[in-house]
Amino acid sequence: LAEKVKTAFRENLLDTESGVIEGGTQTGQAMAIFYGLLTEEENEKAFEKLLEYIDEADGHFNTGVLGGRVLYRVLAENGKVDLAYNMITRPDFPSYGNWVERGATTLRESFLPSDDDVDSLNHHFWGDVSAWFYTYLAGMRINPTGKDVTNVDIKPLFPEKLDSVNAYHCLPDGKISVAWERTAEGITLKIDKAEKLHGKIAVPCGYKFADGETEKSLQSGEYKIIKL
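Residues numbered from 1 in each chain as written. Predicted model: local features only at pLDDT ≥ 70, side-chain atom pairs only at ≥ 80, totals over all residues. Heavy atoms only, no water.

Chemist: Outline the nonpolar core, listing residues and values.
Modeler: Soluble, globular proteins show a tendency: their nonpolar side chains are buried together. Grouped together as the largest cluster of nonpolar side chains are 60 residues, with contacts concentrated most on L71, Y72, L75, W132, I154, I176 and I191. Discounting residues that sit within four places of it in the chain, L75 has contacts with F47, L50, L51, I54, K80, V81, L83, A84 and M87. (Core = buried A, V, L, I, M, F, W, Y, C linked by side-chain atoms within 4.5 Å. Buried < 20%, exposed > 50% of the residue type's maximum accessible area, 1.4 Å probe, protein only. Contact = heavy atoms within 4.5 Å.)

Written out as structure tokens, the structure reads:
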């Protein structure tokens with residue numbers, strides 16, 4: 001069924017030459033990339049188009065809720081974590097940062113210029129951004145293969161405008177905590193994990209551990225990371 005859907009999508013909704021998904025939207029571009037419907041070459045073209053559409057929106061997101069669940073993930077996975085972070089936190093409308101500027105302490109159901117017309121002021125609808133914080137800023141990849149609940153990979157990203165992150169997650173076999181802080185020397189990463197948890201720690205492109213490595217086995221401790 002998945003192959004039939006993929007074939008139908010490619011035949012009817014994809015321009016293989018330009019990388020444009022039918023409709024020409026941020027959502028279409030991001031979803032096609034996120035769900036693996038494109039070849040490597042098509043991915044590059046589709047991602048460039050996605051960046052164009054974001055630029056045309058003056059750096060704002062322009063999606064419905066389904067696009068909002070994949071847009072920031074696709075940007076982070078393709079080397080644009082700074083862009084994603086800025087889109088989320090910018091203080092002008094529409095953005096999560098704009099909600100905060102307007103005094104929000106909960107998720108709204110809709111992005112509107114005023115809260116007067118929003119149906120719900122405490123809603124999960126746009127809540128995937130919270131998972132984005134854990135997955136990309138703290139770098140927690142819980143059970144990445146779907147086969148081992150004790151497997152946790154830590155792959156944090158470091159947006160230039162963000163100075164620190166502190167997060168934890170409780171698994172069936174114990175708790176894992178991840179914290180990082182920007183210093184004059186680079187990044188200090190601290191990890192505290194339950195004994196049964198295992199996996200790896202990997203730094204993003206453009207960074208390395210102080211000893212020159214880019215990947216280590218998951219262990220509790222403090223790690224120094226420097227920018228290349």
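Chemist: I'd like a rundown of helix α3 (residues 40–56), residues and numbers included.
Modeler: For α3, spanning 17 residues, the distance from its first C-alpha to its last is 25 Å, which sits close to the expected 24 Å at 1.5 Å a residue. Listing the buried residues of α3 in full gives E42, A46, F47, L50, L51, Y53 and I54. In this structure, the buried side of α3 is in contact with α1 (2–13), β1 (14–15), β2 (20–21), α2 (26–34), α5 (71–77) and α6 (81–89). Remark: D58 follows α3 within two positions and exhibits a positive phi of approximately 60°. (Helix = DSSP H or I, 4+ residues; strand = E, 2+ residues; numbered from the N terminus. Expected span 1.5 Å × (residues − 1).)

Chemist: Explain the layout of surface pockets to me, using residue names and the numbers behind them.
Modeler: Considered as a void within the structure, the largest pocket measures approximately 430 Å³ in volume. The wall of the largest pocket is formed by 20 residues, among which A76, G79, L157, P204 and C205 lie closest to the centre. Only α5 and α6 provide two or more residues apiece to the lining of the largest pocket. Residue composition of the lining of the largest pocket, grouped by class: 11 nonpolar, 2 polar and 7 charged. (1 Å grid on protein atoms, 1.4 Å probe; cavity = no way out; pocket = protein on both sides within 12 Å on 5 of 7 lines; lining within 4 Å. Points joined across faces, edges and corners; volume = space filled by probe spheres on them. Nonpolar A, V, L, I, M, F, W, Y, C, P; charged D, E, K, R; others polar.)

Chemist: So, the packing of aromatic side chains: which residues are in play, and what are the values?
Modeler: Centre-to-centre distance and the angle between the planes together describe a pair of aromatic rings. Scanning the model with the defined rule gives 13 aromatic pairs in all. Relative to F133, the ring of W132 lies with its centre 6.1 Å away and its plane at 70°, an arrangement referred to as edge-to-face. According to the relative accessible area criterion, W132 is buried, its value standing at 0%. Among the aromatic residues, those joined into a cluster by ring pairs are F61, Y96, W99, F111, F125 and W126. The cationic tip of K175 hangs over the ring face of Y168; the distance from NZ or CZ to the ring centre is 4.3 Å. Against the face of F209 rests K216, its NZ or CZ located 5.1 Å from the ring centre. (Phe/Tyr/Trp six-rings, centres within 6.5 Å; stacked < 30°, edge-to-face > 60°. Lys NZ or Arg CZ within 6 Å of the ring centre and 35° of its normal.)

Chemist: Tell me about α2, and please be specific about residues and values.
Modeler: The buried fraction of α2 is high, at 7 of 9 residues. Those residues of α2 that fall on the buried side of the exposure criterion are Q26, T27, G28, Q29, A30, A32 and I33. Its buried side turned inward, α2 meets α1, β2, α3, α4 (65–68), α5 and α6. Once α2 ends, the next one or two residues include G36, with phi positive near 70°.

Chemist: Provide a residue-level description of the pattern of salt bridges, including the pertinent values.
Modeler: Taken as a whole and judged by the stated rule, the model has 15 salt bridges. The partner of K227 in a salt bridge is E160, with the nearest N and O atoms 2.7 Å apart. In this pair, K227 sits in strand β11 (residues 221–227) while E160 sits in the loop between β4 (152–154) and β5 (164–171), placing the two residues 67 residues apart along the sequence. By relative accessible area, E160 is classed as partly exposed at 41%. Note that K216 and E213 form a salt bridge whose closest N and O atoms lie 3.0 Å from each other. (Salt bridge = Lys/Arg side-chain N within 4 Å of Asp/Glu carboxyl O.)

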